[in-house]
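Structural description and commentary
For reference, the chains in residue letters:
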Amino acid sequence: VHRADIGLDAKGNILAWDHTIVGQSITTGTMFEGFMVKNGVDATTVEGMGAPYDVPLNLSVHSPKVNVPVLWWRSVGHSHTAFAMESLIDELAHAAGTDPLEYRRGLLATHARHLAVLNLAAEKAGWGSTLEKGRARGIAVHESFGSVVAQVAEVSVDTTPQGTRVIKVHRVVAAVDCGPVINPGPLVEQIEGGITMALSTSLKEEVKFAKGGVATSNFDDYPIIRMSEVPEIEVHMVKSNDKIGGIGELGIPAVAPAVANAVFNATGARIRRIPLTPEIVLAAIKEKKA
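Residues numbered from 1 in each chain as written. Predicted model: local features only at pLDDT ≥ 70, side-chain atom pairs only at ≥ 80, totals over all residues. Heavy atoms only, no water.

1. Here we look at the overall build of the chain
- For the chain, the count of helices and strands is eight helices and eleven strands.
- Taken over C-alpha atoms, the radius of gyration comes to 19 Å for the chain, in line with the 19 Å a tight globule of 290 residues would show.
- Looking at the chain as a whole, 46% of its 290 residues qualify as buried.
- Sequence-distant contacts, at least 24 apart, represent 66% of the contacts inside the chain between residues at least 6 apart.
- As displayed, the chain offers around 14500 Å² of accessible surface, 55% of which is attributable to carbon and sulfur atoms. (Helix = DSSP H or I, 4+ residues; strand = E, 2+ residues; numbered from the N terminus. Rg over C-alpha atoms; globule rule 2.2 N^0.38 Å. Buried < 20%, exposed > 50% of the residue type's maximum accessible area, 1.4 Å probe, protein only. Contact = heavy atoms within 4.5 Å. Areas by Shrake-Rupley, 256 points an atom, 1.4 Å probe, with all protein chains shown as cover.)

And the structure:
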């Protein structure tokens, strides 16, 4: 769980950012605890927070002891920190009355690497161009494992016969800087696979609890994305001479915020939790109308 209190001036500049994360440590009790937990803070809980944005971030962390075992998930802490950061940056852009792409450009003006992937993803996705009626785009940029990725998601939100709202992702455009690319084939495959996995976890996968236990039991109540639901995916590479970084987990973090930001642009409803299930989307829309 993240909580953020952020102050802006009249021009939309960030004056203060107080941020709290509450979550279990995933390295406590493992062989990594000795060098990954410092002063009670698990590095994987806070990775991906703040940087590279030039923001006055005051970050605090609380790691409660809960009798539920937790370990790694693909992209580790970036799985939730990217969602929090990129959703908040988007929300700040709209509060400042600024295009989300332009707002990020301003915050990343001195970070050429991040700016390059952001610009490339926006260009290839046609950011700002007219879309088919009912569709909207969302954008996110994030650094993890020594590499940088920006993604633009194109979505629509459809009403089902039951009255819920279902997110349909039509296209995801990714731009990547992982340093010099030696073999582009595996890079594209890893990003495509990461995006597909992240769409599944962002839109569908949820373990539910009832009567003091886990109610989710199999794929009939824990759906995963089907091939028919996988959108058009484009992966573009930035020519880079930076140090070679990782690509195995890079495709995951920016997907959820890019989709959620697109949903906001489509509906005006801000969603602050994942997965973005039909029930959650409907509740956010109802809250906006109220």
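The structure having been displayed, the exposition proceeds.
2. Comments concerning the layout of surface pockets
- When its volume is computed, the largest pocket comes out at roughly 1800 Å³.
- Contributing to the lining of the largest pocket are 44 residues, with V1, W73, S79, H80 and I274 lying nearest its centre.
- When contributions to the lining of the largest pocket are tallied by element, the ones reaching two or more residues are strand 1 (2–8), strand 2 (14–22), helix 2 (43–46), helix 3 (78–95) and helix 6 (184–203).
- Split into classes, the residues belonging to the lining of the largest pocket amount to 25 nonpolar, twelve polar and seven charged.
- Here the second largest pocket is characterised by a volume of approximately 420 Å³.
- Residue lining of the second largest pocket: 18 residues in total, with V166, L203, K204, E229 and P278 positioned closest to the centre.
- A per-element tally of the lining of the second largest pocket places strand 8 (residues 165–177) first, with four residues.
- Classifying every residue of the lining of the second largest pocket gives nine nonpolar, one polar and eight charged. (1 Å grid on protein atoms, 1.4 Å probe; cavity = no way out; pocket = protein on both sides within 12 Å on 5 of 7 lines; lining within 4 Å. Points joined across faces, edges and corners; volume = space filled by probe spheres on them. Nonpolar A, V, L, I, M, F, W, Y, C, P; charged D, E, K, R; others polar.)

3. Considerations on the sheet that holds strand 1
- Reading across the sheet, the three strands line up as 1-2-5 and stay open at both edges, with mixed pairing between neighbours. A strand with exactly one partner marks an edge of an open sheet, and here the two such strands are strand 1 and strand 5 (57–62). Ignoring which end each strand starts from, the neighbouring axes of this sheet average 10° apart.
- Strand direction decides the pairing type here: strand 2 and strand 5, joined by six bridges, are parallel. By the bridge assignment for strand 5, T20 is matched with S60. (Pairing = 2+ DSSP bridges. Axes fitted to C-alpha atoms, helices over the stretch in contact; angles between N-to-C directions.)

4. Here's the deal with helix 7 (residues 255–267)
- In this model helix 7 runs 18 Å from its N-terminal to its C-terminal C-alpha over 13 residues, within 8% of the 18 Å that 1.5 Å per residue would give.
- Most of helix 7 is tucked away: ten of the 13 residues are buried.
- Listing the buried residues of helix 7 in full gives V255, A256, P257, A258, V259, A260, N261, A262, V263 and F264.
- Looking at the packing, one finds that the buried side of helix 7 touches helix 3, helix 4 (100–107), strand 6 (135–144), strand 7 (147–159), strand 8 and helix 6. (Expected span 1.5 Å × (residues − 1).)

5. What to know about the pairing of strand 8
- Of all 13 residues making up strand 8, eleven are buried, and the element is well covered by its neighbours.
- Note: strand 7 against strand 8, twelve bridges, orientation antiparallel. Paired with V148 across the two strands is D177, which belongs to strand 8.
- Counting the residues that bridge the hairpin from strand 7 to strand 8 gives five residues, and of these G163 lies at a positive phi of roughly 95°.
- The sheet contact formed by strand 8 and strand 11 (residues 232–237) spans six bridges and is parallel. Looking across to strand 11, one finds that R171 is bridged to E232.

Functional significance is not addressed by these values, which are geometric in nature.
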